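Listed here are the chains, written in short residue letters.
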Amino acid sequence: MESFSLSVLGPLELLKAFNKVNSQKKTVVNISSIMALAPRDSCGVYSTVKAASDAMHRSLAKEESETYRVVNYSPGPIDTDMMTEISTDHPDNYERALWREARQSAIRPENSARKLMYLIEKNEYKNGAHIDIFDLDEDGEIIR
């Protein structure tokens, strides 16, 4: 429940508070994950929370389109503590190997952030869309 509160209800409360002090149209970036769309073994809670957060942000884009410009951005396989833990401690050998491989090709955070900034600046995505880093070229253009 803590993960849900933090990842779904927390952003909603922040948006409500921010709305009170600023009436301009806002760009909202939900840091998502491919696991919101395609869950993996042993990541059920994470996948569920990410899917719920994506859904909440899509609803926000649809219901409050005059106020919010929303993108659910999946930054790709970034080498995080979670990735390290899963790649070393996952009980399934196959899954552990997949995560180890993902760590070897992990994306540098600044590269993912740069693509996100280009995407936002170009402002050509559908409001509420889920966009994965692999959907973008080096200049942040949507290629798939």
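Provided above is the structure to which this section pertains.
All of these numbers come straight from a predicted model, not from anything done at the bench.

Enquirer: Which parts of the structure should I look at to understand the environment of I120?
Expert: As for its placement among the helices and strands, I120 is situated in helix α5 (residues 109-122). Residue I120 is classed as partly exposed on the basis of its relative accessible area of 22%. Each C-alpha atom of the pair I120 and T27 lies 8.1 Å from the other, and the pair is 93 residues apart in sequence.

Enquirer: Is there a simple way to think about the packing of helix α3 (residues 81-89) against helix α4 (residues 93-104) in this case?
Expert: The description of two packed helices rests on the angle between their axes and on the distance between the axes. At a minimum axis distance of 7 Å, the contact between α3 and α4 shows a crossing angle of 140 degrees. The angle between α3 and α4 places the two elements in the oblique class. For α3 against α4, the interelement crossing comes out left-handed. Contacts between α3 and α4 pair M82, M83, T84, I86, S87, T88 and D89 from the former with R96, W99, R100, A102 and R103 from the latter. Taken together, the residues of the contact of α3 with α4 break down into 5 nonpolar, 3 polar and 4 charged.

Enquirer: Explain the pattern of salt bridges to me, please; I cannot follow it from the model alone.
Expert: Side chains that differ in charge, positive against negative, can pair when their charged atoms come close. For the structure shown, the criterion picks out 6 salt bridges. Two residues, E13 and K16, come together in a salt bridge whose shortest N-O distance is 3.1 Å. Placement of the pair is E13 and K16 together in helix α1 (residues 2-21), with a separation of 3 residues, close to one helical turn. Judged by relative accessible area, E13 falls into the partly exposed class, the value being 46%. Under the relative-accessibility criterion, K16 is labelled partly exposed at 47%.

What counts, and where the lines are drawn
Within each chain, residue numbers correspond to sequence positions counted from 1 in written order. Totals for whole chains, interfaces and linings use every residue, but because this is a predicted model, local features are given only for residues with pLDDT of at least 70 and side-chain atom pairs only at 80 or more, for both listing and counting. To obtain the side-chain values, all non-hydrogen atoms of the structure were used and water was disregarded. For helices the rule is a DSSP run of H or I covering at least 4 residues; for strands it is a run of E covering at least 2, with both sets numbered from the N terminus onward. Using a 1.4 Å probe on the protein chains alone, a residue whose accessible area is under 20% of its type maximum counts as buried, one over 50% counts as exposed, and one in between counts as partly exposed. The convention used is that axes are lines fitted to C-alpha atoms, helices contributing only their stretch in contact, and that angles between N-to-C directions extend from 0 to 180 degrees. By the definition adopted for this analysis, an angle is roughly parallel if under 35 degrees, roughly antiparallel if over 145, roughly perpendicular if from 65 to 115, and oblique otherwise. Should the near helix be turned counterclockwise from the far one by less than a right angle, the crossing is left-handed, whereas a clockwise turn marks it as right-handed. Two residues qualify as a contact provided that any one of their heavy atoms is within 4.5 Å of a heavy atom in the partner residue. When residue character is reported, Ala, Val, Leu, Ile, Met, Phe, Trp, Tyr, Cys and Pro are called nonpolar, Asp, Glu, Lys and Arg charged, and the others, Gly included, polar. Any Lys or Arg side-chain nitrogen located within 4 Å of an Asp or Glu carboxyl oxygen qualifies as a salt bridge.

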